[in-house]
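Here is what each chain is made of, one letter per residue.
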Amino acid sequence: MYTLLILSLASADDGSIEIVVESSAQDQTAGGAATVIEVDERLAASADLGQALQGSAGATIVRLGGLGDWSGVSLRGSSFRQVQVHLDGVALNPDGSDSVNLAELPLHAFSRIEVYRGAAPPQLAAAPIGGVVNLVTADEAAPQLRVTVGSLGTTQLSATGGTPHWLLFAEAFRSDGDFIHFVDNGTVYNLSDDALRPRGNNEKSQLSTLARYRASFGAWELTALDAFLARDEGLPGRATTPSSYATLSTQRNLLVLRGRRVWESSSLELRAWDLRRQELLLDPMNEVGVGNQRAGLTSSTGLLLHGSWLLVPWLVPSATLGYRRDRYSVEDRVSGLTQGPALRNGWSATGSAALWFWEERIEVAPVLHAQLLDNRSLGDRPFDVGPVSPDSEPLILSLSPRGTLALRPIEGLLLRASAGRYLRPPDFTELFGDRGALHGYPDLVPETGLHADLGVRASRGPLTLDAALFHVRSEHLIVMVQNSQATMVPVNLDGALARGVELGGELQARDLLDARVAWTLSDTHVLSEDPSMDGNPLPRVPARQLNVAASVHWEERARLGWTWSYSDQTTFDRTAFYWSAPRSLHTVFLRVQPQPHWPSFEVGVLNAADTLVEVVDRNPLDPEGGGRAVVSVTDFNGYPLPGRTVLFTI
């Protein structure tokens, strides 16, 4: 095992993850719960990143609409910001500095997705409460051109090509997004004014590019990567109060430089990155939130040094040092006033070790992650002279110990456990951001949390089964809540508790059938001194969710795939007064490739049953009270999901 660990530093295509990818889509690394999702023929050609992640146990995907609309991932009841999303090991939201829009990340730019639910590899220098999603680019890629057209004026064109030295990817996407949705006009008890209407001001266009070059200079391997995004979209607003003119434009660029050297029994890696994101919100008619016309710029620049060495056959220690400088500024396009720049400096140090006993059947991996955040340059709160977060320390020092244990008593059986403490500071958007329907709150304090799990994995032949128990306790949890004007505002809860059971399985039978199932049962509670909120479930975390994916194929000349996702009803806010409807959605696709070197042809149908509404109890707090209501299928209150969507791909 320790030999594989050292060799992985020389051969892993992302240069940061010490993980051996087996034939199964499930893997465990140093005792932590991990899922590896291969981006291959088992996924529909028109699938997006959210649909791929939906099949992972413990993952909840929520959307503000259909294909191409904003979507985010929650792991084990976490908030979106408590999940760090990495691209080849570099965080797109370091320290949970933002909620990453999965729609901005083109699925087919990557070869696999690594989902760490809880303890993440120390090489990532990350200690998020929720976990890590790491998107990994391919070592090389055969030339490929993909064209998709379909419902709602959807068009997608992507091209990929690469060798061991270079990789190029580009994708253009647009959609009118004018799907038909159900509107009750805000009168749940009056059915006479219910109607079906097209979603307006929901068009979007997006250009994504990724370029990577890798070369050897003497004993060093050097890699340069650049990922660019340009996105324009309308902001349709809530179904009952639609927006016709509000728009959002986004540009993001990530530049990564990496150098790596491997000796006989040690390795060294140096990584530098610069991440910049600019957003322009135009709301001239005050339709979304209170309305603003603002240009915001955030950036994160950092360095990371990671080294590991083989001391003895049963011990491999490693150390990771990091520095990051975050910057935020915003310009009001109406008044011409500029706020900021606000600056935050962060230092981190991670010490870890991997130890093996009993002929390498037992693996222990203790980790200590230390973090120092300097908030003295955050500046003043907007439109005030007071300091940001007056009750918090200008310097935040966090020590986050964690550890994992793995036991392999017999071949094909793995028992694992992990536990650790974590911290997430409020980010710039939460402190003083403004995105129309989202407004900052300067008095937030950092979140802290304890995450622990127990799991077992058994594999025999083509069958793999996985089960886990998890327990997550958060203090000062920051959540987005909707006020009476349906504007999202971040607030600190006294605390939150999430615990539950995860079950997963995979079957690959005789090169004919591929099947995967992921079932999660969650029990979540708001912990508050307010009796009206204490004990309520966490917003947007379903108590039960199930995802089943199966496909049959014949030598990849033909593949018929089906996915079923079920989600229990969830509350929209901490008061547990407004609830979403439970939903059951089906997706199918049929792909045909007559000859190996011919083009493939695919037709895919999202929400094949055309589920737009559900019938629920009028008062979810009193299901015995009688009375039923028709409600739209939504993840966020007032933001409907689309019905049947048909897509054709060549």
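Attention in this report is confined to the structure presented alongside it. (Residues numbered from 1 in each chain as written. Predicted model: local features only at pLDDT ≥ 70, side-chain atom pairs only at ≥ 80, totals over all residues. Heavy atoms only, no water.)

A few points about the pattern of salt bridges
Counted according to the given criterion, the structure contains 36 salt bridges. In this structure, D48 and R63 form a salt bridge, with 3.2 Å as the shortest nitrogen-oxygen distance. Placement of the pair is D48 in the loop between β2 (32-38) and α2 (49-53) and R63 in strand β3 (residues 59-63), with a sequence separation of 15 residues. R63 shares its class with D48; the two are buried. The salt bridge involving D139 is made with R214; its shortest N-O contact spans 3.3 Å. Linking D139 in the loop between β8 (131-136) and β9 (144-150) with R214 in strand β14 (residues 204-217), this pair joins segments that are 75 residues apart in sequence. The exposure class of R214 is buried, given its relative accessible area of 9%. What you see here is one network of salt bridges that share partners, running through R76, R117, R416, D453, D466 and E502. (Salt bridge = Lys/Arg side-chain N within 4 Å of Asp/Glu carboxyl O. Helix = DSSP H or I, 4+ residues; strand = E, 2+ residues; numbered from the N terminus. Buried < 20%, exposed > 50% of the residue type's maximum accessible area, 1.4 Å probe, protein only.)

Digging into unusual backbone geometry
In the Ramachandran plot, L152 falls in the positive-phi region, its phi being about 65 degrees despite a non-glycine side chain. The topology assignment puts L152 in the loop between β9 and β10 (154-162).

A short note on the pairing of strand β20 (residues 338-357)
Direction of pairing for strand β19 (residues 315-332) relative to β20: antiparallel, over a ladder of 16 bridges. Residue pairing in the sheet places L315 in a bridge with L355 of β20. Taking the residues between adjacent antiparallel strands as the criterion, β19 and β20 are bridged by five residues, where G336 takes a positive phi near 80 degrees. Taken together, the 11 bridges between β20 and strand β21 (residues 362-374) define a ladder with antiparallel strand orientation. Among the inter-strand pairings, S352 is bridged to a residue of β21, identified as V367. Taking the residues between adjacent antiparallel strands as the criterion, β20 and β21 are bridged by four residues, where W358 takes a positive phi near 50 degrees. (Pairing = 2+ DSSP bridges.)

Observations regarding a nonpolar patch on the surface
Where nonpolar side chains cluster on the molecular surface, the patch consists of W347, L368, L372, L395, L397 and L399 and spans about 580 Å² of accessible area. Mapped by element, the contributors of at least two residues to the nonpolar patch are β21 and β22 (395-407). When residues of the nonpolar patch are assigned to their parent elements, the largest contribution, three residues, is made by β22. Tracing the sequence through the fold places L397 in strand β22. (Patch = residues over 30% accessible without salt bridge, like charges linked within 9 Å, V, L, I, M, F, W, Y side chains within 5 Å. Areas by Shrake-Rupley, 256 points an atom, 1.4 Å probe, with all protein chains shown as cover.)

A look at the environment of S565
Looking at where S565 falls in the secondary structure, it is placed in strand β31 (residues 558-567). For S565, a relative accessible area of 18% puts it in the buried group. Separated by 21 residues in the primary sequence, S565 and H586 place their C-alpha atoms 6.6 Å from one another. If we skip the residues at most four places from it in the chain, S565 touches L546, N547, R583, S584 and L585. (Contact = heavy atoms within 4.5 Å.)

Comments concerning the pairing of β9
Here seven bridges tie β9 to β10, and the two strands are oriented antiparallel to one another. In the strand pairing of β10, V147 is matched with L157. Taken together, the three bridges between β9 and strand β38 (residues 645-649) define a ladder with antiparallel strand orientation. Its bridge partner lying in β38, T148 is registered against T649.

Observations regarding the packing of aromatic side chains
Evaluation of the coordinates by the stated rule reveals six aromatic pairs. Ring geometry for W70 versus F80: centroids 5.4 Å apart, planes at 70 degrees, classification edge-to-face. Highlighted residues: W70 in the loop between β3 and β4 (71-75) and F80 in the loop between β4 and β5 (83-87), separated in sequence by 10 residues. Pair check on accessibility: W70 and F80 agree, each one buried. The interplanar angle of 55 degrees and the centroid separation of 6.4 Å between the aromatic rings of F80 and F636 together place this pair among those described as tilted. Here F80, found in the loop between β4 and β5, pairs with F636, found in strand β36 (residues 634-636); they are 556 residues apart in sequence, far enough to count as distant. By the burial criterion, F80 is buried, and F636 matches it. A cation over an aromatic ring shows up here: R361 above the ring of W358, its NZ or CZ 4.7 Å from the ring centre. (Phe/Tyr/Trp six-rings, centres within 6.5 Å; stacked < 30°, edge-to-face > 60°. Lys NZ or Arg CZ within 6 Å of the ring centre and 35° of its normal.)

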